[in-house]
Amino acid sequence: MAVTLQSSRFGELQIPAEAVLEFPNGLIGLGGRRFALLARSEESAFVWLHSMDDPELAVPVTNPWRFFEDYELELSDDEAERLGVSGPEDAMVYVTVRSAAALEDFCANLRAPILVVGNTGHQVINQVPDAPVRAPLFAGLQEEPSTKAA
């Protein structure tokens, strides 16, 4: 069975009912509790976490390890137990992305990742003390050196 998603960005989409994620505690600063992950392909670096209830609300997210090889995520024992997570294989992890006009200004929130366990989503607070709220995604970008004819 499919659910119809009306999106201001992507038009009308049919989402399999089992692909709808329930966020029982919502997301920090956003309304709604039902979302779906939308991607162009399995290899997409970025996916959209799109509200099923608000056609205007879609947040870009990414797998943090795609950009930050040494990313660490720590949960308190109580939080891990509450979510039903005993190891990294138990959840998909995403971080929200803040886009900008210039690639070097894109950043990711490594402090408040989103964990997806089954069809339930949870935004948590990373217990790693120095996890930044705005980590530059493309910090290593450098401009191409210009070649001038002499």
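Residues numbered from 1 in each chain as written. Predicted model: local features only at pLDDT ≥ 70, side-chain atom pairs only at ≥ 80, totals over all residues. Heavy atoms only, no water.

### Remarks on the packing of aromatic side chains
To be explicit about the condition: Ring pairs shown here join Phe, Tyr and Trp side chains whose ring centres sit within 6.5 Å, with only the six-membered ring taken for Trp; geometry is labelled stacked below 30 degrees between planes, edge-to-face above 60, and tilted in between. For helices the rule is a DSSP run of H or I covering at least 4 residues; for strands it is a run of E covering at least 2, with both sets numbered from the N terminus onward.
This structure, assessed with the given rule, holds six aromatic pairs. Consider the rings of Trp65 and Tyr71, whose centres lie 5.3 Å apart with planes at 65°: the pair is edge-to-face. Taking 5.6 Å as the distance between ring centres and 90° as the angle between the ring planes, the aromatic pair formed by Phe67 and Phe138 counts as edge-to-face. Separated by 71 residues along the polypeptide, Phe67 in the loop between strand 6 (58–62) and helix 1 (77–83) and Phe138 in the segment after strand 11 (135–136) bring together distant segments of the chain. In this structure an aromatic cluster arises from ring pairing among Phe46, Phe67, Phe106 and Phe138.

### Structural notes on the nonpolar core
What counts is decided by this rule: In plain words, nonpolar cores are sets of buried Ala, Val, Leu, Ile, Met, Phe, Trp, Tyr and Cys residues tied together by side-chain atoms within 4.5 Å. Residue burial is assigned from relative accessible area. The probe radius is 1.4 Å, only protein chains are included, and a residue is buried under 20% of its type maximum, exposed over 50%, and partly exposed in between. By definition in these notes, contact holds between two residues if any of their heavy atoms fall within 4.5 Å.
Core analysis: the biggest nonpolar cluster contains twelve residues, these being Leu21, Phe23, Leu27, Phe35, Val47, Leu49, Leu57, Val59, Val61, Tyr94, Ile114 and Val116. Listing elements by their share of this core, those giving two or more residues are strand 5 (47–51), strand 6 and strand 9 (114–117). When residues no more than four places from it in sequence are discounted, the contact partners of Leu57 are Leu30, Gly31, Phe35, Leu49, His50 and Ser51. Core analysis: the second largest hydrophobic core is formed by ten residues, Tyr71, Leu110, Ala135 and Phe138 among them.

### Concerning the pattern of salt bridges
Put simply, the rule reads: The rule for a salt bridge is simple: a side-chain nitrogen of Lys or Arg has to be within 4 Å of a carboxyl oxygen of Asp or Glu.
Going through the model one piece at a time under the given rule, you end up with two salt bridges. One salt bridge in this structure joins Asp53 and Arg34, with 3.2 Å as the shortest N-O distance. Of this pair, Asp53 sits in the loop between strand 5 and strand 6 while Arg34 sits in strand 4 (residues 34–38), and the two are 19 residues apart along the sequence. Overall, Arg34 belongs to the partly exposed group, its relative accessible area being 29%. When the shortest N-O distance is used, the salt bridge between Arg82 and Glu79 registers 2.3 Å. Here the residue Arg82 and the residue Glu79 both occupy positions in helix 1, the gap between them amounting to three residues, near one helical turn. For Arg82, a relative accessible area of 49% gives the class partly exposed.

### Examining the environment of Ala139
Its location among the elements puts Ala139 in the segment after strand 11. Given the relative accessible area of 60%, Ala139 is considered exposed.

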